[in-house]
Each structure stands twice: as C-alpha cells, then as structure tokens.
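Summary of the model geometry
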Amino acid sequence: MVVGGTYHLVHSTLNLLLLIIPAMVANGTPVVVGKLVRRPHPIDNGKTFWDGRRILGDGKTWEGLIGGVLAGLIIGAILGVALSNLPFWLETGFWASLGAMIGDLAGSFAKRRMGLSRGDPAPLLDQLDFYVGALIFLYLAGAKVEIVPAIILAPLVYALHRLTNMLAYRFGIKREPH
Ligand code: CTP
Ligand code: MG
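In what follows, the accompanying structure is described. If you're wondering where the values come from, they're calculated on a predicted model, not measured in any experiment.

Take the overall build of the protein chain next. Scanning the protein chain for helices and strands turns up five helices and zero strands. For 178 residues, the compact-globule formula gives about 16 Å, and the C-alpha radius of gyration of the protein chain, at 17 Å, lands near that figure. Summarising its shape, the C-alpha atoms of the protein chain cover approximately 55 × 35 × 30 Å along the three principal directions. Within the span of the protein chain, comprising 178 residues, buried residues form 38% of the whole. At a minimum sequence separation of 6, the contacts of the protein chain that also span at least 24 residues come to 68%. Accessible surface, the protein chain: about 10,300 Å² in total, of which carbon and sulfur atoms supply 70%. Here the protein chain carries 16 positive and 11 negative side-chain charges, and the mean point of each set is 7 Å from the other.

Quick look at the structure:
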C-alpha cells in the first residue's frame, strides 16, 4: 500500500517534471530574444492602466512571447521524438509554453499594480508566475496535473530559475540577477 502510493507519487512527479520542461525553456527564451532584437514591441503598446502606471511594461514583448512559445514547441518536438509520441508532446509543449508566457505577463501586470518598475524584484512571483501559468494551461488542456507533485516541484523550479538567471546576469545576458 505504502510502496504503491510512493511509487505513484514518484511517477506522477517525474511525469509533471517532463510536462513542464517546455515551459521552463519557454520562460528562459525571451531574455535571449530581448537581447537579439534591437527594438522589440511591448505587448501593452506603451499604454498605461487606470492607475497611471504601465499595463505590463517594456519587459514584456511580442518577440519574447512568440520566441518563448516557439522554443517550447521545439522542446516538445524533441520530447515527442524521444518518447515516441509526437502529437501529445507537441500539444502539451505548446500549452505549457503559452501558459508560461501568460503567467509571466500576469506576474508583470501584478508587479506594475504594486508600483514596482520593470526589473524590480518580486520574490516568488518572479520565479513562479510562469510555473503557475503553465500548470493551469496544462490542466485546462487535459494533461494530468496533480496538486501534490506540483507543490513538490515548486522549490526545484524556483531554484532552477534563480540559478539560470544568476548565470545569465553573470554572462551579461540579463540586466538583473533575479
Ligand atoms: N522578455 C520579453 N518578452 C517577454 C518576457 C520577457 O522580451 N514576454 C525579455 C525582456 O527583455 C525582459 C527579460 O526578458 O527584460 C527578462 O524577463 P523578466 O525578468 O520576466 O522581465 P523584467 O524585465 O524583470 O520585467 P518585470 O518587472 O515586468 O518582470
Ligand atoms: Mg525580472
């Protein structure tokens, strides 16, 4: 009984980890895209919200969003070939990546409403907004997303985000280390 339960938990956690890999790659891609594109187009078109602050800010661009989804699709394709189920991994790769991008936009929307400027740190929100977005989209798309595995993976996603962002900062790809 206990062994069976543990086995199920390990299995579903590893399964969820695979499902969110495209989302993690998607989330890291806009940083590079933002560096490559000279004048990217802000999604909010420079517009302000009722509070007079930017809706999303200059850190959220169409180029970043599209680049992120495409990168997630490529990772989905690789997983699909490796695991012999291309349609499934393409579809979940797409929804996970789009969810990650939308979650990140929601995070920036919340930051602007709190009066934080582009690039200001917002602990936990900065690291996990994309993860929550990916989980919601995967769930809505019909993938098996369970709450306990999602919570178990959260510290790993957080740590990976901190580590990769710190490295990107060190190598001059990112303007802030968070
Ligand atoms: N980026 C982008 N488009 C997106 C998301 C990110 O172009 N949809 C790029 C921007 O160059 C951004 C960088 O990736 O500055 C880092 O992303 P992030 O840390 O999420 O944005 P911040 O600049 O910190 O802005 P915010 O305060 O809104 O999170
Ligand atoms: Mg940031």
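The immediate surroundings of ligand 1 are formed by 15 residues, with Lys60, Thr61, Ser108, Arg112 and Arg118 found nearest. Between an oxygen atom of ligand 1 and a side-chain N or O atom of threonine 61, the distance comes to 2.7 Å. Contact distances for ligand 1 include 2.8 Å between an oxygen atom and a backbone N or O atom of glycine 119. Starting from 570 Å² of accessible surface for ligand 1 in isolation, the protein chains cover 89%. More than half of the atoms belonging to ligand 1 lie within 2 Å of the grid points that define the largest pocket. Of all the elements, helix α3 (residues 86-113) adds the most residues to the shell around ligand 1, at four residues. Taken together, the residues that form the shell around ligand 1 break down as three nonpolar, six polar and six charged.

Calculation criteria
- Residues numbered from 1 in each chain as written.
- Chains lettered and ligands numbered in written order.
- Predicted model: local features only at pLDDT ≥ 70, side-chain atom pairs only at ≥ 80, totals over all residues.
- Heavy atoms only, no water.
- Helix = DSSP H or I, 4+ residues; strand = E, 2+ residues; numbered from the N terminus.
- Rg over C-alpha atoms; globule rule 2.2 N^0.38 Å.
- Buried < 20%, exposed > 50% of the residue type's maximum accessible area, 1.4 Å probe, protein only.
- Contact = heavy atoms within 4.5 Å.
- Areas by Shrake-Rupley, 256 points an atom, 1.4 Å probe, with all protein chains shown as cover.
- Lys, Arg positive; Asp, Glu negative; His and termini not counted.
- Charge placed at Lys NZ, Arg CZ, Asp CG, Glu CD.
- Near = heavy atom within 4 Å.
- Polar contact = N/O pair within 3.5 Å; in protein donor to acceptor, adjacent residues only side chain to side chain.
- 1 Å grid on protein atoms, 1.4 Å probe; cavity = no way out; pocket = protein on both sides within 12 Å on 5 of 7 lines; lining within 4 Å.
- Sits in = over half its atoms within 2 Å of the grid points.
- Nonpolar A, V, L, I, M, F, W, Y, C, P; charged D, E, K, R; others polar.

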